[in-house]
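Okay, here's what each chain looks like letter by letter:
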Amino acid sequence: MEVKMINNCPVKIWTDYVEKSAMRQIENLTTLPFLFHHLAIMPDVHTGMGMPIGGVLACKDAVIPNAVGVDIGCGMCAVKTNWKVADIPTDVLRKQIMRGIRKRIPLGMDHHKEAQDEKYLPTGHDIDKMEIVKRRQEYITKEVGTLGGGNHFIELQKDETGTLWIMIHSGSRNLGKLVGDYYNEKAKKLNERWYSVVSPDIRLSFLPLRTDEFNAYWQEMKYCVDFALCNRKLMMKRIEEVIKDAIPEIGFEPMINIAHNYAAWERHYGQDVIVHRKGATLAREGVIGIIPGSQGTASYIVEGLGNPESFCSCSHGAGRTLSRTAAIRDLNLKEEVERLDALGIIHAIRNQNDMQEASGAYKDIETVIANEADLVKVKTRLLPVAVIKG
Ligand code: 5GP
Ligand code: MN
Ligand code: MN
């Protein structure tokens with residue numbers, strides 16, 4: 001980790017390379033008057049909307065919708081089975097399990113038509129008090145249990161012992177995006193009216209603590225985080241059912257289910273502050289995290305070391321190194337398909353467009369994990385067996 005002083009603000013960075021546009025966004029963040037203590041930048045950092053992804057921002061009395069991430073509550077879940085991958089016949093894996101998963105879980109950006117499972121919606125929230133959530137009630141029942149597009153995935157993996165794991169990356173679907181955009185617009189208007197000099201980038205507009213707007217955003221943001229947890233939980237349940245149909249004797253361990261786009265009240269350096277994790281994972285001492293690599297590379301189950309310098313956080317993945325356009329333009333389709341085929345991975349790369357999600361579009365996960373050795377310790381290294389992309 002390296003400490004840089006930028007605009008009199010300490011910035012702790014867990015990588016020796018930050019792309020230029022992300023660096024400019026870091027500089028903008030350092031000028032925020034309500035930033036608390038220091039800024040923490042994870043090793044998977046790359047450019048985002050206003051604030052880089054892989055950033056951890058603590059604030060004393062404001063929340064920034066764009067510091068939470070576009071897909072509120074997006075995160076990972078993982079389950080370990082008691083079954084060896086080598087003991088699953090290829091036919092069962094391909095035909096019963098992979099096809100079965102595709103049949104049970106709606107993929108892609110489509111608006112899904114049928115209600116999924118209402119038992120899996122968040123509870124304990126006052127929906128009448130939430131503008132967007134209330135307006136979206138009918139859609140929400142159709143969106144829970146659906147994967148979403150692009151970067152979201154379902155992966156079957158194996159650990160060092162050859163044991164089968166199931167991993168899912170997904171978020172709050174359209175709901176989280178609507179909530180984020182709506183309150184970012186509100187923040188923009190408020191900031192333009194009262195505080196225009198504060199934000200160096202209008203996309204970093206904030207909602208001040210103890211305002212109605214802050215409270216409304218906070219409630220809906222928390223709902224979205226819960227909704228995303230429920231969404232992953234329902235998908236995992238269905239995958240377990242599909243696998244159990246194919247292998248009746250299989251057993252599953254309890255699920256790990258974590259968010260990497262959210263804000264929360266936490267105590268750091270003796271004060272209660274709002275921590276924004278935008279593409280960052282909680283790494284409090286003893287807390288289990290999931291750090292995915294990319295399609296066709298390793299992913300990691302980690303245990304937090306509780307390092308206060310990262311506000312007890314770690315990376316949320318490998319992080320992008322190429323934009324989607326650059327990846328489609330520059331990466332070689334044939335080479336990538338051959339590489340994955342040679343590794344025996346059941347993958348979904350079919351055309352040049354799919355290169356935007358190929359491993360060459362992401363940083364090297366091994367370097368990322370090595371860079372954060374003071375934030376987490378590795379529990380399990382997982383290799384891909386079969387991948388479904390949203
Ligand atoms: P994000 O939440 O920023 O969209 O992405 C999280 C991380 O997931 C990325 O930084 C990348 O490292 C990882 N990732 C993207 N696609 C895949 C995939 O197909 N398989 C695995 N294991 N990881 C992926
Ligand atoms: Mn995500
Ligand atoms: Mn997401």
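Here is what the cut-offs are and how they apply
Residues numbered from 1 in each chain as written. Chains lettered and ligands numbered in written order. Predicted model: local features only at pLDDT ≥ 70, side-chain atom pairs only at ≥ 80, totals over all residues. Heavy atoms only, no water. Helix = DSSP H or I, 4+ residues; strand = E, 2+ residues; numbered from the N terminus. Rg over C-alpha atoms; globule rule 2.2 N^0.38 Å. Buried < 20%, exposed > 50% of the residue type's maximum accessible area, 1.4 Å probe, protein only. Contact = heavy atoms within 4.5 Å. Donors = N, O, S within 2.8 Å, 3.2 Å for Na, K, Ca; no water. Core = buried A, V, L, I, M, F, W, Y, C linked by side-chain atoms within 4.5 Å. pLDDT = per-residue confidence, 0-100. Expected span 1.5 Å × (residues − 1). Arc of directions from axis to C-beta. Pairing = 2+ DSSP bridges. Axes fitted to C-alpha atoms, helices over the stretch in contact; angles between N-to-C directions.

**Student:** It is not clear to me how the overall build of the protein should be interpreted in this structure. Could you clarify?
**Tutor:** Looking only at helices and strands, the protein features nine helices and 17 strands. Relative to a compact globule of 390 residues, whose C-alpha radius of gyration would be 21 Å, the protein shows 21 Å and is just as compact. Viewed in the frame of its principal axes, the protein has a C-alpha envelope of about 65 × 45 × 40 Å. Every one of the 390 residues in the protein was classed for burial, and the buried ones make up 57%. Residue pairs at least 24 apart in sequence account for 76% of intrachain contacts in the protein once pairs closer than 6 positions are excluded.

**Student:** I would appreciate a short explanation of the coordination of the manganese ion (ligand 3) in the present structure.
**Tutor:** Six octahedral donors around a metal ideally sit at 90 or 180 degrees from one another, while four tetrahedral donors ideally sit at 109.5 degrees. Looking at the metal site, the manganese ion (ligand 3) is ligated by Asp71 (OD), Cys74 (SG) and His152 (NE2), spaced 2.2 to 2.4 Å from it. All donor residues of the manganese ion (ligand 3) come from one chain, and their arrangement in sequence is D-x2-C-x77-H. Since its relative accessible area comes to 14%, aspartate 71 is described here as buried. Taking relative accessible area as the criterion, histidine 152 reaches 9% and is therefore assigned buried.

**Student:** Looking at this model, I keep getting lost on the nonpolar core. Mind explaining?
**Tutor:** Generally speaking, a soluble globular protein has its nonpolar side chains buried in company with each other. Membership of the largest hydrophobic core comes to 33 residues, with the highest contact counts inside it found for Val63, Ile72, Leu175, Val179, Leu207, Tyr217 and Met221. Breaking this core down by element, the ones donating at least two residues are α3 (131-135), α5 (173-195), α6 (212-246) and β11 (261-268). With ten residues, α6 is the single largest residue contributor to this core. Ignoring sequence-local partners within four residues, the contact set of methionine 221 consists of Val68, Ile72, Val179 and Ala263. Grouped together as the second largest cluster of nonpolar side chains are 32 residues, Val56, Val273, Cys314 and Ile369 included.

**Student:** So what exactly am I meant to see when it comes to the environment of alanine 22 here?
**Tutor:** Looking at the secondary structure, you find alanine 22 in helix α1 (residues 20-30). Setting aside anything within four residues of it in sequence, one finds alanine 22 in contact with Val45, His46, Thr47 and Pro52.

**Student:** Where do I start with the coordination of the manganese ion (ligand 2) in this structure?
**Tutor:** Here the manganese ion (ligand 2) is held by Cys74 (SG), His169 (NE2) and His260 (NE2), and the distances to it run 2.2 to 2.4 Å. Between consecutive donor residues of the manganese ion (ligand 2), the sequence gaps follow C-x94-H-x90-H. Separating the manganese ion (ligand 2) from the manganese ion (ligand 3) is a distance of 3.6 Å, and cysteine 74 supplies a donor atom to each of them. Here the residue histidine 169 occupies a position in strand β8 (residues 163-170), and histidine 260 occupies one in the loop between β10 (256-259) and β11, the gap between them amounting to 91 residues. You can call histidine 169 buried: its relative accessible area is 8%.

**Student:** Can you walk me through the environment of aspartate 226 in this structure?
**Tutor:** The residue aspartate 226 is located in helix α6 in this model. Note: C-alpha distance between aspartate 226 and leucine 204 (22 residues apart in sequence) is 24 Å. Each residue touching aspartate 226, except ones within four places of it in the same chain, is listed here: Pro122, Thr123 and His125.

**Student:** I'm lost on the confidence of the model for the protein in this one. Help?
**Tutor:** Atom-level detail of predicted coordinates should not be read off regions where pLDDT is low. Looking at the protein as a whole, its pLDDT mean stands at 95, while 98% of the residues score no less than 70. Interface confidence for the predicted complex, given as ipTM, is 0.99, next to a pTM of 0.96.

**Student:** What should I look at first to understand helix α2 (residues 90-104) in this one?
**Tutor:** Note that an α-helix has 3.6 residues per turn; residues three or four places apart therefore point the same way. If you check α2, its first and last C-alpha atoms are 20 Å apart, about what 15 residues at 1.5 Å a residue would give, namely 21 Å. What α2 keeps buried is the set Val92, Leu93, Ile97, Met98, Gly100 and Ile101. Buried positions in α2, seen along its axis, are confined to an arc of 155° and lie on one side of it. Turned more than 90 degrees off the buried face of α2, the exposed positions are Arg99 and Lys103. On its buried side, α2 packs onto β7 (153-158), α6 and β17 (376-389).

**Student:** What is the right way to look at the sheet that holds strand β4 (residues 53-59) in this model?
**Tutor:** Across a sheet, paired strands are connected by hydrogen bonds in the backbone, their directions being either parallel or antiparallel. Within the open sheet, the six strands sit side by side as β1-β2-β3-β4-β12-β11. Their pairing is mixed. Edge positions in the open sheet fall to β1 (2-6) and β11, since each of these has one partner strand only. Taken over all neighbouring pairs, the strand axes of this sheet differ in orientation by 20° on average, direction set aside. Where β1 lies against strand β2 (residues 9-13), five bridges are found, and the strand directions are antiparallel. Counterpart to isoleucine 6 in the pairing with β2 is cysteine 9. Packed on one face of the sheet, α6 meets β11 and β12 (271-278) and runs near 110° to β11.

**Student:** What should I look at first to understand the sheet that holds strand β6 (residues 75-84) in this one?
**Tutor:** Strand order in the open sheet made by the seven strands is β10-β6-β8-β7-β17-β15-β14, with antiparallel pairing throughout. Lying at the two open borders of the sheet, with one neighbouring strand each, are β10 and β14 (288-291). Put simply, the sheet's adjacent strands are angled 30° from each other on average, direction ignored. Pairing of β7 with β8, which is carried by six bridges, proceeds in the antiparallel orientation. Following the sheet pairing, leucine 156 is matched in β8 by isoleucine 166. Against the sheet, α2 contacts β7 and β17, and its axis sits at roughly 90° relative to β17.

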